[in-house]
Amino acid sequence: METKILTQIPMFTGKINNWEYKKENINSYIDKMQFKENEYYLSSKSLPAEEFKQAFMNIFKEELVGVSEQVDRPVNLKDVWVVHYEKGHEQYIHSHGSSGLSGIIYLNYNVKEHKPTHYLLPFLDPITDNSLISTSNVEEGDLVVIPSFINHFTPYNKSEEIRSIIGFDLTF
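Each value, and the rule that gives it
Residues numbered from 1 in each chain as written. Predicted model: local features only at pLDDT ≥ 70, side-chain atom pairs only at ≥ 80, totals over all residues. Heavy atoms only, no water. Helix = DSSP H or I, 4+ residues; strand = E, 2+ residues; numbered from the N terminus. Buried < 20%, exposed > 50% of the residue type's maximum accessible area, 1.4 Å probe, protein only. Polar contact = N/O pair within 3.5 Å; in protein donor to acceptor, adjacent residues only side chain to side chain. Contact = heavy atoms within 4.5 Å. Phe/Tyr/Trp six-rings, centres within 6.5 Å; stacked < 30°, edge-to-face > 60°. Lys NZ or Arg CZ within 6 Å of the ring centre and 35° of its normal.

Novice: Is there a simple way to think about the side chain of Ser148 in this case?
Specialist: By secondary structure assignment, the location of Ser148 is in the loop between strand E9 (142-147) and strand E10 (151-154). Accessibility expressed as a relative area gives 1% for Ser148, which makes it buried. Engagement of the side chain of Ser148 in a polar contact is seen with the backbone nitrogen of Leu101, the distance being 3.2 Å. In contact with Ser148, not counting residues within four places along its chain, are Ser95, His96, Gly97, Ser99, Gly100, Leu101, Ser102 and Asp169.

Novice: Mind showing me how you'd approach the packing of aromatic side chains here?
Specialist: Given two aromatic rings, one states the distance between the centres and the angle between the planes to describe the pair. Tallied over the full model, the rule gives 4 aromatic pairs. Summarising the aromatic geometry, the rings of Tyr41 and Tyr85 are spaced 6.2 Å apart at their centres and angled 65 degrees between planes, so their arrangement reads as edge-to-face. Placement of the pair is Tyr41 in the loop between strand E2 (36-37) and strand E3 (42-43) and Tyr85 in strand E4 (residues 76-85), with a sequence separation of 44 residues. In terms of burial, Tyr41 and Tyr85 fall into one category: buried. An aromatic cluster is built from Phe56, Phe60 and Phe168, whose rings are joined through pairwise contacts. Over the face of the ring belonging to Tyr29 we find Lys32, whose NZ or CZ atom lies 5.1 Å from the ring centre. Looking at Arg73, its charged tip hangs above the ring of Phe172, at a distance of 5.7 Å from the centre.

As structure tokens, this is what we get:
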């Protein structure tokens, strides 16, 4: 008998080239943005952000081209937003729809203080019947891109340091 892989779910990861320069550049736009707070986090998602979207595409063009090359097709930026997690904030489990890709750039992230995004795999462990959760070892300046249908969440921020990400959705 042989073992074969029934399915694989791609996760694209990498370091942002010229991170410090790109971080300073994107922060010049983020500093002008307004954020809405709910009980879980501070977000720019519900606010108009065409200028930020254009800036993101220009600053992270190299990374967007890299994703396009990985999936062997053009990708289009559907949406982009920033989320700040202050102490006590978290992101509940959610997905970004049934098609396309979703990405995270770790903008302000301290590996000693913060927890990475957790991904709930779309199937159970066949032996234990438990949910399978995957994480990725990330650092500030890392990029992670997953299929949009993957449910994911961010654990409670126990730190006084704000954890910030740039989230985005891509279509084909």
